[in-house]
Amino acid sequence: MGMVKKRRYQMETPDEPLEVIIRGSDVLNEPLLNKGTAFTEEERKELGLQGLVPPKVVDIEEQVIRVLENYQRKTDPLEKFIFLTSLHDRNETLYYKVLTENLMEMTPIVYTPVVGAACQQFGHIYRKNRGMYISAKDKGQIRNIFDNWNQDEIDIIVISDGSRILGLGDLGANGMGIPIGKLALYVAGGGVYPCKTLPILLDTGTNNEELLADPLYLGLNQHRIDDDEYYEIVDEFVNAVQDRWPKALIQWEDFTNDHAFPILNKYREKVLCFNDDIQGTGAVALSGLLGGMRMKQEKLSEQRIIFYGAGSAAVGIADMIVAGIVEESGMSEADARKLFWFIDSQGLVVKNGPRPLQDHKVAYARDEPLIDNLLDVIKAVKPTILVGVSGQGQTFTQEIVKEMMNYSKQPIIFALSNPTSKSECTAQEAYKWTKGKAIFASGSPFDPVRMKGKIFVPGQGNNMFIFPGVGLGASLCQATKVTDAMFYRAAKTLAEMVTEEELSLRTVYPDLRKIRKISQTIAVAICEMAFDEGLARIERPEDIKAFVKENMFQPVYPRYVAASE
Ligand code: NAD
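All of these numbers come straight from a predicted model, not from anything done at the bench.

Chemist: Before we move on, could you go through the overall build of the protein chain and cite the residues and values that matter?
Modeler: Check the secondary structure of the protein chain and you find 24 helices and 16 strands. What you see for the protein chain is a C-alpha radius of gyration of 24 Å, in line with the 24 Å of a compact globule of 565 residues. Judged by the C-alpha coordinates and their principal axes, the protein chain covers about 75 × 55 × 50 Å. Classification of the 565 residues of the protein chain by burial places 59% in the buried group. Of all intrachain contacts in the protein chain linking residues separated by at least 6 positions in sequence, the fraction that spans at least 24 positions is 71%. Here the protein chain displays about 23400 Å² of accessible surface, and carbon together with sulfur accounts for 49% of that area.

Written out as C-alpha cells, the structure is:
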C-alpha cells in the first residue's frame, strides 16, 4: 500500500511514531495522513513539507476553531454537507475530531436527513472519489478490482445498491452517500478506525427515469438488471470480499425489501454480515420496548403488539422482539409470534387475504378475518403496544391514541416513520391525548414536551445507538457471524444504560451524547458473547473491556517520522 512502513496510519500507541514512506505533497494529499498546518517543524523537515504549508505550526484545537468558523458561515444544510465532505476528503483526523465533538449538531448533516438531499444531488455536487463502485459491468472482475483498494485490512464494509435510499426510493449510484455517511458514524460513534472502513456502491442500474435522463448522473445508464443476474453479482461480491478481506463485516444498507430479506437470509449464517434496516432497527426498537417494560414493570411476553406497516423495519423489529421474548420467558418462537398483529396497506395481514403474501410477512399472518382499518384492529386485538412503521404520517389520530388507553394504563406508542412529516403522530399529540400516560418514542427527533408543569422527553429510536457498537464488537473479536441473540444482547445493554432519571422523564433511550460509551459497552457485550459461544476468531483477551477500549480510534494526530528506506 506504500504510504507507511510497518504499521497502519492511525495512532495505536501514541508514543511510537509512524514511519511514513511518501513525501511532500503526496502526504498532504492523503487524507488519512494529512495534518495540514499541524505538521511539526521536525515532520516538515523529515517529510519534505517545508514551504508547502504556512509557517505557523498550529495544534488541532486551533484547526477545529477555523473549521467551525467556516462551517457556521454556511447557512444552507447542503452546503454544510459539502463543506464537511471536503474536510473529510482533506484531513480525516480533523474531520473526525470535529464530528465527534459536535455529533448532535452534525449527525443530521452527515447522515439523515441532509444526506438524503445530498444523495439526490450526488451527480451535481460530486467532488472527489471515496469508496468503491462495483457495477453490473464488472461481473467476473470484482476480485481483481478489489486489488485496486490500497488497504489490506478492512474491518467494516457498508454496501448499498441504491435501490431504497432512506424514504427517497431508487437513487441508483447516487446512493453512495449512504455507505459513506454510515461509516462516518461508525468512526465517530463507534471508534472504528477510518482506514479500516470501506463504503461500496453496487451499481446494478436504476429504474429512476429522472436520473437516467440527467446528463450529470454518474451511475450506469441502464435499468436495473433482472434478479438472476442480480443475485449472481451479489454472490460474486461476497466471495470476493471473503478472499480479499476475510475478516471484514459486511453491512447491507438500503436495499429494497424484495432483495434485503433474501440476501440477509442467504449469507447471515455463512459470513460476517447484517442488515441495519432490518436487524439494527429491530434491536433499537426492542431496546425502547425493554425501556418501556422497565418503566411499567411488566414483561414483553405479557404484551399484545400491533404493527402499523409490515415492511422490513416492521418484520425486523418483530423478529427481534420474538428473540427477546424467547430469551426472557422461554416461550417458543411460534407462541411468541402469536402476540403480534401486522397491518399493511391492505389491512390486517391474514393467511387467507385477497392477495398472496410477501414471504417476509408469512410468519406473522393471522388466521383471522381481514379487517381493513387500524381502529377496528385495535378494538379487536386490545393491544398494549402500537408501533408505527408505515411511512404514513398522521395516521395515529386522536381517536386511535385514545382507544389505546382502554387496554393499558400506560400504552406504548412508537411512531417510528421518518422523516418527521411521516411520523404517525407527534410526541405532543401522544402525551396530550393520553394525559401524559403514553410511553412514546419516534424515529425522527421531537423536542421535549411541557404539560401541566411536567417535562416529557420523547426517546428517538435512532439506529446509531446499536450498529456502531455491534459492528465494532463483532469486528474486533473477528466473529464468524452476527446472530440475532447478539442484537438482543445489544438491545438489552442499551436499555440498561437508561438512567432512573431518564426513565422518570419517560425517556426509553439514553442520551445520544454518550454514544462512544454506549458503543464501547455494546461492543464489550458482543465480544463476550462471541467468545462464550465460540464464534470469535481470535484468542480471548484477559480483559475484554480494556481490549475494546484500546482498539477504539481517537481523533488525535500521530507523530510521523520518515521511513529510513
Ligand atoms: P417499507 O416500505 O419496507 O414498509 C412500509 C410498510 O408500510 C409496508 O408494509 C406497507 O404495506 C405499509 N403501508 C404503506 N401504506 C400503509 C397504510 N396506508 N396503512 C398501513 N400500512 C401501510 O419501509 P420500511 O423500511 O419498513 O420503513 C418504514 C418506515 O419506518 C419508514 O418511514 C422509515 O423511515 C421508518 N424506519 C424507522 C427506523 C427507526 O426509527 N430507527 C428504522 C428504519 C425505518
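Additional details are given in the paragraphs that follow.
Chemist: Describe the sheet that holds strand β11 (residues 412-415), listing the residues and the values that go with them.
Modeler: Read across the open sheet, the seven strands follow the order β9-β8-β7-β10-β11-β12-β15; overall the sheet is mixed. Here the strands that pair on one side only, and so sit at the sheet edges, are β9 (347-348) and β15 (459-460). Inspection of the sheet shows strand β7 (residues 305-308) paired to strand β10 (residues 385-388) by four bridges, in the parallel sense. Considered in β10, the bridge of Phe 307 is made with Val 387. Sheet contacts for helix α15 (residues 312-329): β7, β8 (340-344) and β10; angle to β8, the most-contacted strand, approximately 180°. Across the sheet, helix α17 (residues 374-381) lies against β7, β8, β9 and β10, angled at about 170° from β7, the strand it touches most.

Chemist: Run through the nonpolar core, naming residues and quoting values.
Modeler: By size, the foremost hydrophobic cluster in this structure holds 154 residues, and its most contacted members are Phe 237, Trp 252, Phe 307 and Phe 340. If you tally residues by element for this core, the top one is helix α23 (residues 515-532), at 10 residues. Setting aside chain neighbours within four positions, we find Phe 307 in contact with Ala 314, Ile 317, Ala 318, Ile 321, Phe 340, Trp 341, Phe 342, Ile 343, Val 387 and Val 389.

Chemist: Summarise the site of the ligand; cite the residues concerned and give the values.
Modeler: Taken together, 22 residues are adjacent to the ligand, and Asn 257, Ala 310, Ala 313, Gly 461 and Asn 463 come closest. In the environment of the ligand, an oxygen atom lies 2.9 Å from a nitrogen or oxygen atom belonging to the side chain of Arg 164. Here Ala 313 contributes a backbone N or O atom positioned 2.9 Å from an oxygen atom of the ligand. Within the complex, the protein chains bury 78% of what would otherwise be the 850 Å² of accessible surface of the ligand. For the shell around the ligand, the secondary structure elements donating two or more residues are α15 and β8. When the residues that make up the shell around the ligand are grouped by side-chain class, the tally is six nonpolar, 14 polar and two charged.

Chemist: Break down the side chain of Gln 478 for me, citing the residues and quoting the values.
Modeler: As for its placement among the helices and strands, Gln 478 is situated in the loop between α20 (467-476) and α21 (484-496). Taking relative accessible area as the criterion, Gln 478 reaches 17% and is therefore assigned buried. The contacts of Gln 478, once residues within four sequence positions are left out, are Lys 247, Leu 535, Ala 536, Arg 537 and Ile 538.

Chemist: Let's hear about the pattern of salt bridges: which residues, and what values?
Modeler: Enumeration according to the criterion identifies 34 salt bridges in this entry. As a salt-bridge pair, Glu 269 and Lys 481 come within 2.6 Å of each other at their nearest N and O atoms. In this pair, Glu 269 sits in the loop between α13 (257-267) and β6 (273-275) while Lys 481 sits in the loop between α20 and α21, placing the two residues 212 residues apart along the sequence. The class of Glu 269 is exposed, set by a relative accessible area of 54%. Measuring nitrogen to oxygen at the nearest pair gives 3.7 Å for the salt bridge that ties Glu 298 to Lys 296. A network of salt bridges, in which partner residues are shared, links Arg 143, Asp 147, Asp 152, Asp 243 and Arg 244.

Chemist: How would you summarise a nonpolar patch on the surface if you had to cite specific residues and measurements?
Modeler: On the surface, Tyr 126, Tyr 133 and Leu 218 cluster together to form a nonpolar patch covering roughly 270 Å² of accessible area. With respect to the element layout, Tyr 133 can be found in strand β2 (residues 132-135). The partly exposed category is assigned to Tyr 133, whose relative accessible area is 31%.

Chemist: Explain the sheet that holds β6 to me, using residue names and the numbers behind them.
Modeler: The sheet built from five strands is open, its strands ordered β2-β4-β3-β5-β6 with parallel pairing. Where the open sheet ends on each side, the last strands, each with one partner, are β2 and β6. Adjacent strand axes in the sheet meet at a mean angle of 25°, parallel and antiparallel pairs treated alike. Note that β2 and strand β4 (residues 197-203) share four bridges and pair parallel.

Chemist: An account of the confidence of the model for the protein chain is requested, with residue identities and associated values reported.
Modeler: Here the protein chain averages 95 in pLDDT, while 97% of its residues score no lower than 70. Per-residue pLDDT stays below 50 along residues 6-11; that stretch engages in 30 contacts with residues further than four places along the chain or on separate chains.

Chemist: Before we move on, could you go through the pairing of β10 and cite the residues and values that matter?
Modeler: Burial along β10 is two-sided: the residues Ile 385 and Val 387 and Leu 386 and Gly 388 are all buried. Relative to β11, β10 runs parallel, the two sharing four bridges. Directly across from Val 387, in β11, lies its bridge partner Phe 414. Following the backbone out of β10, through helix α18 (residues 398-404) and into the adjacent parallel β11, one traces a crossover that is right-handed.

Rules behind the numbers
Residues numbered from 1 in each chain as written. Predicted model: local features only at pLDDT ≥ 70, side-chain atom pairs only at ≥ 80, totals over all residues. Heavy atoms only, no water. Helix = DSSP H or I, 4+ residues; strand = E, 2+ residues; numbered from the N terminus. Rg over C-alpha atoms; globule rule 2.2 N^0.38 Å. Buried < 20%, exposed > 50% of the residue type's maximum accessible area, 1.4 Å probe, protein only. Contact = heavy atoms within 4.5 Å. Areas by Shrake-Rupley, 256 points an atom, 1.4 Å probe, with all protein chains shown as cover. Pairing = 2+ DSSP bridges. Axes fitted to C-alpha atoms, helices over the stretch in contact; angles between N-to-C directions. Core = buried A, V, L, I, M, F, W, Y, C linked by side-chain atoms within 4.5 Å. Near = heavy atom within 4 Å. Polar contact = N/O pair within 3.5 Å; in protein donor to acceptor, adjacent residues only side chain to side chain. Nonpolar A, V, L, I, M, F, W, Y, C, P; charged D, E, K, R; others polar. Salt bridge = Lys/Arg side-chain N within 4 Å of Asp/Glu carboxyl O. Patch = residues over 30% accessible without salt bridge, like charges linked within 9 Å, V, L, I, M, F, W, Y side chains within 5 Å. pLDDT = per-residue confidence, 0-100. Right-handed = clockwise from strand over helix to strand, strands pointing away.

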